[in-house]
Amino acid sequence: MNPTASKPTKSSYDAIVIGGGHNGLVCAAYLGRAGKKVLVVEKRPVVGGAAVSEEVVPGFTFSVFSYVVSLFRPHIIRELDLPRHGMQILPMETTYNPVPDDRGLVRWGDAARTRREIERFSPNDASIYPEFGLAMSRLSRFTKNIIDTTAPEPASLHPKELIKLLKLAKQFKDFDGDMRYLNLKLMTMSAVDFLEEWFESEPLLPAMAGSGIIGTFMGVRSPGTAYVLLHHYMGEIDGAYRAWGFAKGGTGQISLACARAAQSFGVEIVTDVGVSSIDIANGRARGIVLDNGDQVSAKTVISSLDPNRTFLKLIPEGQLDSDFTASIRRYKNRGSSGKVNLALDRLPTFAGGREGDHHLRGDVTYAPTIDYIEKAYDEAKYGQFSRNPFLNIVIPSLNDPSVAPPGKHVLSAFVQYAPYNIREGAENWPQQRDAFGEAVIDTIEEFCPDIRDCLIDKQVISPWDIERMIGLTEGNIFQGELSLEQLAFLRPVAGWSRYQTPIDQLWMCGSGTHPGGGVMGAPGELSAKTMLSKKAV
Amino acid sequence: MPIESPFHARTSQLCTSMRWKDWAGYFAVCSYEPCHEQEYFAYRHAAGLMDATPLFKYTVSGADAGRLLSRVMTRDITKLRVGRVTYCCWCDDAGKIMDDGTVSRLDDDVYRVTAAEPTLHWLRLNARRYQVAIEDVTTKYGILALQGPLSRGILGHVCGRAVTDLRFFRLTQTTIDRRPVTITRTGYTGDLGYEVWCDSADALPVYDAITEAGQNYRLMPAGLDALDVARVEAGFVMNGVDYHSSNHCLIESRKSTPYELGLGWTVQLDRDPFIGQSKLREEKQRGSQWSFVGLDYDWVAFERLFARHDLPPQTPHGAWRDPLPVFDRTGRQVGQATSGAWSPTLKKNLALASVKRSHAAEGRELLIEATVEFERTRTPVTVSAPMFFDPERKRG
Ligand SMILES: Cc1cc2nc3c(=O)[nH]c(=O)nc-3n(C[C@H](O)[C@H](O)[C@H](O)COP(=O)(O)OP(=O)(O)OC[C@H]3O[C@@H](n4cnc5c(N)ncnc54)[C@H](O)[C@@H]3O)c2cc1C
């Protein structure tokens with residue numbers, strides 16, 4: 001990325017994008033590619049938002065927040081030529097679930113090997129596992145069509161909308177009876193109920209159910225979590241479903257590649273300066289006001305911030321009607337996750353007696369039983385972080401040694417639950433942070449007995465920190481929960497799923513819009529394409 | 001029956017997949033793991049170590065060595081300075097390509113040549129008037145290709161500055177574990193990388209020293225399947241796949257020239273006579289009939305081929321090399337794609353092809369044959385330069 005200044009060079013642009021997260025950058029790149037003069041304003045000294053790599057400990061590059069990629073749309077990679085700008089994704093080939101006093105379960109790229117692993121726990125599960133994968137890929141193909149297009153607007157009578165709905169309905173109809181039924185279940189059931197129709201054994205069940213709760217304030221037995229499961233199943237790298245990967249150099253490299261692509265189209269990016277408000281006159285956005293009081297004007301203003309921040313913090317009171325404001329207030333953020341990043345002197349020894357580190361190259365999910373996750377959720381319900389949390393761990397340095405000095409490692413632990421609203425009040429997180437970090441390391445110690453001996457330094461991030469650092473309201477990792485009532489044509493709120501807002505010439509392009517959270521670039525791309533087709537910029 | 005390379009004791013232990021093939025009469029690993037994917041990513045993200053011993057190797061020495069090689073090669077080798085390597089090809093009298101490879105100048109009068117095919121006879125045949133000694137050293141040396149962005153760190157660990165300062169297409173003579181080696185900054189992956197030559201007798205200690213240093217850099221042994229994907233991304237032609245050596249062709253139309261293969265840049269015409277010169281000069285003036293191009297599949301159309309059968313798009317699993325016809329918009333055949341691969345890095349479905357020059361302009365839309373669910377169809381591709389992936393670190 002070319003160096004950035006914190007002062008725009010011009011006083012007026014075709015479009016200003018607020019926030020330099022990956023969606024803001026993707027949106028800007030598409031607008032730049034169409035010949036528009038675009039300015040991106042990022043509050044932090046680095047771009048990336050939740051998709052950022054930072055050298056937090058000297059020599060160790062952490063993917064501070066988001067740590068694995070799967071949903072990033074391949075066509076965006078092609079259209080913006082991101083590999084040329086430094087984006088490279090390495091596939092993760094294994095999933096390891098440690099189990100106390102056991103070898104645990106590893107699922108490998110090699111199907112036969114996976115079957116033999118699962119057989120140790122349940123021959124039945126082992127034999128049905130491939131069928132489950134097939135059913136999920138059929139379902140995700142249905143959902144994939146949803147995430148690659150703007151959300152259908154069911155209340156509209158416009159022929160284009162009707163055709164779109166019909167198309168989806170047709171696909172739905174083309175599913176055979178079983179599949180249709182399966183899809184409906186997925187939309188309404190809990191992750192555990194859904195999975196129990198297929199599988200019977202632990203640790204397979206809890207390991208799989210785990211993806212149903214990521215980023216939500218729900219338990220594995222809460223209805224609706226089955227859909228989140230699918231959202232995570234949709235991951236596709238190279239057109240193959242259910243494939244996750246690491247970005248070389250950490251997740252931030254994706255954002256940097258987007259930034260470089262944007263710059264190559266003439267987009268200007270300023271960093272280290274925030275937007276304090278959106279300048280609105282007569283119900284129409286005219287530009288922005290920076291933290292330092294400077295004003296910059298634009299034909300179109302696009303916010304990549306979450307709906308709460310955009311509409312309740314950046315827009316002067318009274319500019320929006322109260323119905324709309326009320327629905328934004330109802331929009332659920334409820335942050336429930338934290339992150340602990342460790343700099344390690346060497347690779348810790350995992351209990352379970354497996355040789356080598358091949359099984360650690362992918363992710364490590366610690367959720368030995370369903371009850372374990374439920375208990376973790378119970379504590380959160382009553383305003384405490386889980387003492388024994390659900391952990392999703394990756395050691396990216398095993399695949400991409402460039403993120404740590406030779407022989408040393410980076411361990412990233414995504415932790416649930418860490419409710420934003422703790423009993424003591426969110427503002428008391430700083431006093432709880434250390435204890436939270438210790439609880440996580442204690443839990444890691446259960447399957448990595450020498451973790452503390454390997455520890456050089458750590459970074460503990462609570463949902464309160466997430467909010468403070470990158471502005472995600474209540475630290476919700478997806479700019480709003482991925483629950484059914486907040487998806488597709490309901491995201492962020494009914495009637496406003498097409499990136500437009502009640503304010504003329506103010507648009508949205510972040511994860512708070514369709515198709516939602518994750519490092520996928522889709523909201524940024526779809527919003528830019530919508531604006532261009534509507535000649536809004 | 002193929003023979004074992006001097007690294008076989010190590011590679012055979014590591015090749016748990018048991019996937020081998022015959023490469024120029026040697027056992028060569030296709031992929032060490034059941035699938036080549038991680039090995040491909042080692043080349044692009046960390047480092048991969050490949051046994052490249054089966055390449056044919058010749059030492060050409062003596063007062064006229066440079067002159068002989070200049071006569072045989074498309075390049076003026078007399079201009080090659082000591083310590084440098086060059087890539088070139090060689091042709092028959094009709095200017096048709098026979099093979100391609102590298103020439104290294106080790107000393108004033110000492111050169112080394114690598115080739116994909118036995119070339120001793122051709123070199124000797126043309127050496128009659130010269131004062132040279134030509135030795136086939138194919139079995140005398142082992143070659144390890146260490147390729148990938150972290151290869152410099154690994155070799156730096158083993159041999160220090162001599163290697164970390166080594167520039168693109170240069171060579172250095174140094175030691176690894178006290179054994180003499182020649183290291184060239186060359187390779188077939190289109191990435192940062194090196195090739196290490198050692199005496200066959202020293203093969204194992206050299207292999208061990210590199211693998212040990214590689215431990216902290218995520219070095220992986222890597223096989224030919226991964227290499228094949230990388231070389232398609234890099235747009236490198238392969239003898240026997242993208243073209244055929246003129247002395248193996250039964251019919252004229254199978255032969256090609258350097259210009260037709262995009263290797264015109266290796267042809268230095270204006271100098272003392274060399275084999276094929278007059279024909280190549282004519283071709284240069286007249287213009288070639290064929291061009292070597294990259295083809296980039298239109299993804300949306302490709303996806304649609306599968307959607308028609310209610311299938312998700314299926315990309316080729318590894319690199320392919322069964323040729324496919326290429327057509328213009330009217331359906332007339334204008335060439336053939338000779339190899340291709342899905343690029344995991346670029347997220348593009350790619351092919352390398354020879355097409356009529358009239359249809360080779362970059363950006364031109366052509367059609368390529370595709371078979372989906374036993375149904376043969378055509379799908380659009382866009383012509384591009386063959387070098388799809390060219391990271392700065394390769395030269396930097
Ligand atoms: C801890 C954590 C782990 C996650 N893990 C994963 C994962 O593994 N895989 C995955 O796919 N997704 C993951 N996610 C979700 C994913 O990272 C996000 O959905 C995505 O990165 C959001 O991108 P965005 O561009 O929409 O918004 P953001 O990344 O939130 O970008 C908004 C930007 O706006 C800036 N900003 C805020 N206020 C202002 C202001 N007033 N003026 C100017 N700029 C401002 C912020 O600094 C930020 O850079 C994770 C998220 C978190 C927090």
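Starting from 1, residues in each chain are numbered consecutively following that chain's sequence as written. By the order in which they are written, chains take letters starting at A while ligands take numbers starting at 1. Only residues with pLDDT of at least 70 get local features here, since the model is predicted, and only at 80 or more are side-chain atom pairs given and counted; chain-wide, interface and lining totals rely on the full set of residues. Hydrogens and waters are ignored; side-chain quantities use all the structure's heavy atoms.

Student: Requested: an account of the overall build of chain B, with residues and values cited.
Tutor: When its secondary structure is counted, chain B shows ten helices and 19 strands. Along the longest, intermediate and shortest principal axes, the C-alpha atoms of chain B span 60 × 50 × 40 Å. Burial status follows relative accessibility: with a 1.4 Å probe on protein chains alone, a residue under 20% of its type maximum counts as buried, one over 50% as exposed, and anything between as partly exposed. Burial analysis of chain B (396 residues in total) assigns 61% to the buried set. In chain B, the proportion of contacts linking residues at least 24 apart, taken out of those at least 6 apart, comes to 66%. Methods summary: accessible areas were calculated by the Shrake-Rupley approach with a probe of 1.4 Å, and residue burial reflects only the protein chains presented. Of the roughly 16,600 Å² of accessible surface on chain B, 49% is carried by carbon and sulfur atoms. Counting rule for charge: Lys and Arg are taken as positive, Asp and Glu as negative, and neither His nor the chain ends is counted. Every charge is mapped to an atom, namely NZ of Lys, CZ of Arg, CG of Asp or CD of Glu. Looking at chain B, you have 49 positive and 49 negative side-chain charges, and the mean spots of the two groups are 5 Å apart. Only DSSP runs of H or I covering at least 4 residues are called helices, and only runs of E covering at least 2 are called strands; the numbering of each starts at the N terminus. Throughout, a residue-residue contact means that at least one pair of heavy atoms, one from each residue, lies within 4.5 Å.

Student: So what's going on with the side chain of Arg 107 of chain A? Residues and values would help.
Tutor: Along the chain, Arg 107 of chain A falls in strand β7 (residues 105-107). The rule for a salt bridge is simple: a side-chain nitrogen of Lys or Arg has to be within 4 Å of a carboxyl oxygen of Asp or Glu. Buried within the structure, Arg 107 of chain A lacks any salt-bridge partner; Asp 363 of chain A is the closest side chain of opposite charge, at an N-O distance of 6.8 Å.

Student: So, the confidence of the model for chain A: which residues are in play, and what are the values?
Tutor: Of all residues in chain A, 90% attain a pLDDT of 70 or more, and the chain-wide mean is 90. A residue's pLDDT is the predictor's confidence in that residue, given on a scale from 0 to 100. Across residues 237-242 of chain A the pLDDT falls below 50, and counting only partners more than four positions away or on other chains, this stretch makes 24 contacts in the model.

Student: Can you break down helix α17 (residues 522-533) of chain A residue by residue, with the values?
Tutor: All names here are of chain A. Between the first and last residue of a helix there are one fewer steps than residues, each counted as 1.5 Å, and that sum is the expected span. Taking 1.5 Å per residue, twelve residues should reach 16 Å; α17 reaches 16 Å between its end C-alpha atoms and fits that length. The buried fraction of α17 amounts to nine of the twelve residues, a majority that puts the element mostly inside the structure. Inspection of α17 places Ala 522, Pro 523, Gly 524, Glu 525, Leu 526, Ser 527, Ala 528, Thr 530 and Met 531 among the buried residues, and these make up the whole buried set. Immediately downstream of α17, the backbone of Lys 535 shows phi near 55°, a positive value.

Student: Please give an account of a negative patch on the surface that cites residues and values.
Tutor: Residue and element names in this part refer to chain A. The patches reported here contain residues having more than 30% relative accessible area and no salt bridge. Joining distances are 9 Å for like charges and 5 Å for nonpolar side chains (Val, Leu, Ile, Met, Phe, Trp, Tyr). Together, Asp 193, Glu 196, Glu 202 and Asp 371 make up a negatively charged patch on the protein surface. Among the structural elements, Glu 202 can be located in the loop between α7 (191-196) and α8 (204-209). We classify Glu 202 as partly exposed; its relative accessible area is 36%.

Student: Lay out the interface of chain A and chain B in plain terms, naming residues and giving numbers.
Tutor: For an interface, size is often stated in terms of accessible area lost upon the parts coming together. With 25 residues of chain A at the contact, the number on the chain B side is 28 residues. Summed over both partners, the accessible area (1.4 Å probe) lost when two parts come together is defined as the buried area. In this assembly, chain A packs against chain B so that about 2,500 Å² is buried in total across both faces, 52% of it on carbon and sulfur atoms. The closest approach of N and O atoms between Glu 33 of chain B and Arg 361 of chain A, which form a salt bridge, is 3.6 Å. Polar contacts, as counted here, are pairs of nitrogen or oxygen atoms within 3.5 Å of one another; within protein the pair requires one atom able to donate a hydrogen and one able to accept it, and residues that are adjacent in sequence qualify only if both atoms are side-chain atoms. Run the count over chain A and chain B and you get four residue pairs in polar contact (both at pLDDT 80 or more). Among the elements of the structure, α2 (74-79), β5 (89-91) and α4 (123-147) of chain A are those that each provide at least two residues to the side of chain A that touches chain B. We call Asp, Glu, Lys and Arg charged. Ala, Val, Leu, Ile, Met, Phe, Trp, Tyr, Cys and Pro are nonpolar, and the rest, Gly among them, are polar. Partitioned by chemical class, the residues of the side of chain A that touches chain B number eleven nonpolar, five polar and nine charged.

Student: How would you sum up the sheet that holds strand β11 (residues 179-184) of chain B? Please name residues and give values.
Tutor: All names here are of chain B. Pairing between two strands requires that DSSP report at least two bridges joining them. Here six strands make up an open sheet; going across it, the order is β10-β11-β12-β9-β3-β13 and the pairing mixed. The outermost strands of the open sheet, each flanked by one partner alone, are β10 (171-176) and β13 (219-221). Each strand axis lies, on average, 25° off the axis of its neighbour in the sheet, ignoring direction. Strand direction decides the pairing type here: β11 and strand β12 (residues 193-199), joined by four bridges, are antiparallel. Its bridge partner being in β12, Thr 182 is matched across the sheet by Trp 197. Lying on the sheet, helix α2 (residues 37-45) is in contact with β3 (47-51), β9 (141-147) and β13; it crosses β3 at an angle near 115°. To get an axis, a line is fitted to the C-alpha atoms, and for a helix only the part in contact is used. The angle between two axes follows their N-to-C directions and goes from 0 to 180 degrees.

Student: Now, about the pairing of strand β15 (residues 337-344) of chain A: what can you tell me, with residues and values included?
Tutor: Regular strands place side chains that alternate from one sheet face to the opposite one. All names here are of chain A. With eight of eight residues buried, β15 is to be regarded as a mostly interior element. Along β15, one buried face is formed by Ser 337, Lys 339, Asn 341 and Ala 343 and the opposite face, lined by Gly 338, Val 340, Leu 342 and Leu 344, is buried too. Here β15 pairs with strand β19 (residues 455-461) via six bridges, running antiparallel. Following the sheet pairing, Leu 344 is matched in β19 by Leu 455.

Student: Any chance you could break down the packing of aromatic side chains for me, citing the residues and the numbers?
Tutor: Pairing of aromatic rings covers Phe, Tyr and Trp, the last counted by its six-membered ring, and requires centre-to-centre distances within 6.5 Å; plane angles under 30 degrees mean stacked, over 60 mean edge-to-face, and any other angle means tilted. Applying the stated criterion to the full structure yields 27 aromatic pairs over all chains. On the basis of an interplanar angle of 85° and a centroid distance of 6.1 Å, the ring pair of Phe 324 of chain A and Trp 496 of chain A is categorised as edge-to-face. With Phe 324 of chain A in helix α12 (residues 322-330) and Trp 496 of chain A in the loop between α16 (463-470) and β20 (506-508), this pair connects stretches of sequence that are 172 residues apart. For Phe 324 of chain A, a relative accessible area of 6% puts it in the buried group. Trp 496 of chain A gets classed as partly exposed once you look at its relative accessible area, which sits at 29%. Here, over-ring charges are defined by two tests on the NZ atom of lysine or the CZ atom of arginine: distance to the ring centre within 6 Å, and angle to the ring normal within 35 degrees. Over the ring of Phe 274 of chain B we find Arg 271 of chain B; its NZ or CZ atom is 4.1 Å from the centre of that ring. Directly above the ring of Phe 327 of chain B sits Arg 378 of chain B, whose terminal nitrogen or CZ lies 3.5 Å from the centroid.

Student: Can you tell me about the state of the cysteines, naming the residues and giving the values?
Tutor: Residue and element names in this part refer to chain A. Here, the term disulfide refers to a pair of cysteine sulfur atoms separated by no more than 2.5 Å. Under the definition given, this model contains zero disulfides over all chains. Here Cys 27 stays unpaired: no disulfide links it, and the sulfur of Cys 509, its closest cysteine neighbor, is 4.2 Å away. Under the relative-accessibility criterion, Cys 27 is labelled buried at 0%. Under the relative-accessibility criterion, Cys 509 is labelled buried at 0%.

Student: I'd like a description of the pattern of salt bridges, backed by residues and values.
Tutor: This structure, assessed with the given rule, holds 47 salt bridges over all chains. With a closest N to O distance of 3.2 Å, Asp 357 of chain A and Arg 218 of chain B form a salt bridge. Here Asp 357 of chain A, found in the loop between β15 and β16 (363-366), pairs with Arg 218 of chain B, found in the loop between α7 (203-214) and β13, and the two come from separate chains. Classification of Arg 218 of chain B as buried rests on a relative accessible area of 16%. As a salt-bridge pair, Asp 191 of chain B and Arg 44 of chain B come within 3.0 Å of each other at their nearest N and O atoms. With a gap of 147 residues between them, Asp 191 of chain B in the loop between β11 and β12 and Arg 44 of chain B in helix α2 connect regions that are remote in the sequence. You can call Asp 191 of chain B buried: its relative accessible area is 5%.

Student: Can you explain the packing of helix α5 (residues 151-159) of chain B against α7 of chain B? Please cite residues and give values.
Tutor: Residue and element names in this part refer to chain B. At a minimum axis separation of 9 Å, α5 and α7 run at an interaxial angle of 120°. Here α5 is positioned oblique relative to α7, judged by the angle of their axes. Relative to α7, the crossing made by α5 is right-handed. For the pair α5 and α7, contact is made by Ile 154, Leu 155, His 157 and Val 158 and by Ala 209, Ile 210, Ala 213 and Gly 214, respectively. Note on terminology: angles under 35 degrees are roughly parallel, angles over 145 are roughly antiparallel, angles of 65 to 115 are roughly perpendicular, and the others are oblique. The hand of a helix crossing depends on one turn: near helix anticlockwise from the far one by less than a right angle means left-handed, and clockwise means right-handed.

Student: Mind laying out the domain arrangement of chain A, listing which residues take part and the relevant values?
Tutor: Residues and elements named next belong to chain A. The split into domains, and so the bounds of each, comes from an automatic or database assignment of domains. Per the domain assignment, the segments of chain A are domain 1 (12-89 + 250-332 + 479-533), domain 2 (122-200 + 202-235) and domain 3 (337-418 + 421-461). Taking only C-alpha atoms into account, the centre of domain 1 sits 30 Å from that of domain 3. With twelve residues of domain 1 at the contact, the number on the domain 3 side is 20 residues. Carbon and sulfur atoms make up 68% of the area that domain 1 and domain 3 hide from each other, which totals about 1,200 Å². The interface formed by domain 1 and domain 3 contains zero salt bridges. Elements with a minimum of two residues in the side of domain 1 that touches domain 3: β3 (53-57) and β4 (60-63). At four residues, the largest contribution of residues to the side of domain 1 that touches domain 3 is made by β4. For the side of domain 1 that touches domain 3, a count of residues per class yields eight nonpolar, four polar and no charged.

Student: An account of the site of the ligand is needed here, citing residue identities and associated values.
Tutor: Residues and elements named next belong to chain A. Among the 32 residues in the neighbourhood of the ligand, the closest are listed as Asn 23, Glu 42, Ala 50, Val 68 and Gly 518. Ser 66 places a polar side-chain atom, nitrogen or oxygen, 3.4 Å from a nitrogen atom of the ligand. Here an oxygen atom of the ligand and a side-chain polar atom of Gln 479 are 3.0 Å apart. For the ligand, whose unbound accessible area comes to 1,000 Å², protein coverage reaches 96%. Here the shell around the ligand is built from residues that sort into 15 nonpolar, 14 polar and three charged. Here a residue is near a molecule or strand as soon as one of its heavy atoms is found within 4 Å of it.

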